[in-house]
Structure formats: structure tokens, C-alpha cells
Amino acid sequence: MDPLFFLVAVFLVADAQACPEACVCVARKNYTRHIADCSYKDLRAVPAGLPSNATTLTLSVNRIASLQEDSFVDVGNLQGLWLSYNEISTIGKGAFGFLAQLRNLDLSHNRIMDFPWRDLRNLTVLELLKLSNNRLEKVPLEAFSTLKALRSLWLNDNRFTVLSEGTFDPMPLLSLLQINNNPFNCSCRVWWLNRWLETSSVSTPEKESITCATPKDLKGHVLGRTLALDCMLPSVQLTYRSSLDNSVLHDGLSLLLDCAAVGKPPAEIGWKIQTPGRTVAINGPNVGEEGEGDNWLEDARSEESPGRFLVFKNGSMAISKFSKVDEGIYTCRAVNDVGWREVSVSVALSSSEHPADDLVQNDIQASKPRSKSCNKEELPQPEEKVVVIYLTPTGSKTTTNGGVLWEPWPWGGWFMLFSLALCT
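All figures in this text were calculated on a predicted structure; none of them were measured in a lab.

Reading the values: the criteria
Residues numbered from 1 in each chain as written. Predicted model: local features only at pLDDT ≥ 70, side-chain atom pairs only at ≥ 80, totals over all residues. Heavy atoms only, no water. Helix = DSSP H or I, 4+ residues; strand = E, 2+ residues; numbered from the N terminus. Buried < 20%, exposed > 50% of the residue type's maximum accessible area, 1.4 Å probe, protein only. Contact = heavy atoms within 4.5 Å. Areas by Shrake-Rupley, 256 points an atom, 1.4 Å probe, with all protein chains shown as cover. Pairing = 2+ DSSP bridges. Core = buried A, V, L, I, M, F, W, Y, C linked by side-chain atoms within 4.5 Å. Phe/Tyr/Trp six-rings, centres within 6.5 Å; stacked < 30°, edge-to-face > 60°. Lys NZ or Arg CZ within 6 Å of the ring centre and 35° of its normal.

**Let's talk about the overall build of the chain**
- Tallying secondary structure elements over the chain gives four helices and 25 strands in all.
- Looking at the chain residue by residue over its 424 residues, the buried ones come to 47%.
- Put simply, 57% of the contacts in the chain that link residues at least 6 apart link residues at least 24 apart.
- When the accessible area of the chain is evaluated, it comes to approximately 21,400 Å², of which 51% is carbon and sulfur surface.

Shown next, in the form of C-alpha cells:
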């Protein structure tokens, strides 16, 4: 017998034996596609011994209840994985993570409540993802962040009440989106989705079934069809106050930044401080109501304060013993269910005796909002400038320059006020 013929025969026999008994394994198109068909076999689990060269694995219409972390470890070359119409309720983390060549993944018509979203990060060539007819309630904002090739996404017939703004942004090739038959809560958190459905070129079949389940007065209303929501993106204003008296001059002055926001629903306020030496983010109050009002300066000086940057429940922030190391950009960010707005100001110390002459106009702008006001189109606004404020421990003066007001406080300090209204 020809040795070469013998080796080929052994290879073919070994390859054929690699197919589980319950499956049918075939090769098509010059052996570039290897299909393992295990559908309609009443299987309770993913069978062992799957051929390692399989490019398509069909396990649809079985009784599989769970997928383990190593269920597909032997078929790393899969391009298509079909698991619809099973009883899958549990999926081990990492079950799909190493299937880097996967282009089609169908998990529709199962009982999935908790999906391993992080597994999608490695599926960068995925083109079709079907998760419809499951029991999913949430999609993380970053779930599809790496799916640049995805064209078809099926999320219909689940339990989603809200989808985060920006969920679909990472998928530039997306052409089909199924989100019908979900119990959407039509609060301001879905305002962006309502607008997206009105303007997007992505095909969304069965639009009449993309409806509100709550609140009661909006039940049955169709998203993307002139749904009226009483929502408003936050508008933000900043005012500035400093304290200067003889007792403070030796230890440095104290500064109060008042951040006020108006929106529907009410906005939550956070701060970011960027100095040459560090960046600090404060996402909520770190002192109680007792630090507000006229007691802010005393609280800022207190040795028992939780930090030199004190944020109160009303959104104000006090900086005790302000010095050169605190010079930098102070940003107030207001967030509600519609979107966010932020405004920044640069603060620095100066030894000048004419602080009004030191005011400089910069090109630092408030960040672009992620969404606009709800019930009207916003006209383009002129470029906004942020005033760089120089605080200087000198005698009291009253002058006006560039929209910043300097005037003496009754207790011997100065008052500075500058407002940036970002949304009217």
C-alpha cells in the first residue's frame, strides 16, 4: 500500500471518529467549512468530542439548560454557533470569550437572565447576535464596545425597561436592530431612545411594538412616534466667593464655588479638580447640610473636615487654605436622566495689586452635551469663554471687567460672581 495513501486514510478515519454519535459532521466547499449538526437530538448538554476543525456548530432545538466555561474549548475555530430553542438559563463566564473567529451567535428562545457580557469583548468580528426571546433585564453601556463589525442585533422579547444612551454607538455597521416587545419605562431615561428611533437610519422592524409599559398614562404609546416627555437637560450656573481677612492671610484664603443646576428630573452634581499635581473626582456631597450657608468658611477651616475639597448637598464646594498647589481647572458636572452638562473655570493666585487687569479670556469650553433639551431644537450657541480668575490677597477693591464683579464683603473680604448659563 502506498504510504501516502495510508496516511490520508488514517487522517480521514480519525477525523470522522471525532464527531459525537448524536451529531452529523460534514465538510463543504473544498473542506473550508466543517459543520457539526447536533440539532433536534434532545440533548441535555453540549456533547463532548466535537471536531476541533468545526467552523459551524448547530445545537438548536435541544434541552440544554446550561453552558459551562469549557463547553466550547475544543472548537476554537467556530464562525457560527447556533443555540436557539433550548432551555439555557445559566452561562459560565468565559464560555464564548475565546471564540475570536465567531461571526454568528444565536441564543434566541432560551431562559437567559444573566448574560456574560464581558465575553463579547473578544468577538471583534461578530456580525450577528441574537439574544431575543429571553429574560434579560439590563445591558451594560459598554457591552457592545468592541463589536465594530456587528450588523444585526436582536434584543426583542426580553424584559428591558431602559437602555443606556450610547449603547448602539460603538457599532458603525449596524443595519438591523430588533428591540420590540420590551416593557419600556418611558421616563426621561428613554428620551434619547425615542429621539434615536425618530432619526436613525438603522432598520427597526415591528416599530408598532416598541411601546411604553409604564407609566400608566403612557402605556401603549409607541417610541419614536411623537412621544411627548416632560424632560429637560440640566442648565448649569457657577458663582464664586472668596474670603480674605487678617486671620486668613497667613494660612491662605478659602474659596467657595457655588454650582446650581436646573433640569427635569433634578440633576445630581459632581466635581472634578485638575491641578498640575493631581486629578480629584468627587461624585457627591462629602459633608452634611450643616456645612452650607454662612458656615461654609468655618467648616472649610475645621481640622475635622473630611478633606480640603468640601462638597455640600446643594452642590457647592469649598476649598480651605487655597494656595498655589490648588491652582487649576475646577469643573462642575450636572447629570440627570436626559443627559449631562458641565462647566469649568480656571483659578489661580496672583500677587498683582490690580486683579481685574489680570483677568484673561481662555478658549476652555464646557463639554459638549450628550443630548439636547427634550421638547425643542437648540439653536447653535456662540462659542463660550471661561474666565480665568486670579484671586489675590490685597486690599478691597471694586471693579468690573469681562463680566466678573469684584466688591468688598462686609467682613473685609471680597465677593466674586461670574455665571455661565449653558442651557436656557
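**Overview of the pairing of strand β15 (residues 268-275)**
- Note that β15 and strand β19 (residues 328-335) share seven bridges and pair antiparallel. In the sheet register, E268 faces β19, and the bridge partner there is V335.
- Here five bridges tie β15 to strand β16 (residues 278-282), and the two strands are oriented antiparallel to one another. From the neighbouring strand, T275 faces β16, where its bridge partner is R278.
- Between β15 and β16, which pair antiparallel one after the other, the connecting turn spans two residues.

**What to know about the nonpolar core**
- Residues F72, F96, F144 and F168 are the most contacted members of the largest nonpolar core, which totals 68 residues.
- Top contributing element to this core by residue count: helix α2 (residues 191-199), with five residues.
- Beyond its immediate chain neighbours, meaning those up to four positions away, F168 contacts L153, L155, L163, L174, L177, W192, L193 and W196.
- In terms of nonpolar packing, the next biggest core, distinct from the first, is built from 23 residues, V236, Y240, F309 and A334 among them.

**Observations concerning the packing of aromatic side chains**
- Using the criterion set out here, one finds seven aromatic pairs in the structure.
- Here F115 and W117 contribute two aromatic rings whose centre-to-centre distance is 4.9 Å and whose plane-to-plane angle is 65 degrees, an arrangement assigned as edge-to-face.
- What links up through ring pairs into an aromatic cluster is the set F72, F96, F115, W117 and F144.
- Taking NZ or CZ as reference, K130 lies 4.2 Å from the ring centre of W154, over its face.
- Sitting over the face of the ring of W340, R333 holds its NZ or CZ atom 4.0 Å from the ring centroid.

**Topic: the environment of A143**
- Looking at where A143 falls in the secondary structure, it is placed in the loop between β8 (128-130) and β9 (152-154).
- Sequence separation between A143 and L120 is 23 residues; the distance between their C-alpha atoms is 7.1 Å.
- Leave out the neighbours within four places in its chain, and A143 touches W117 and L120.

What is shown is where atoms sit, not what they do.
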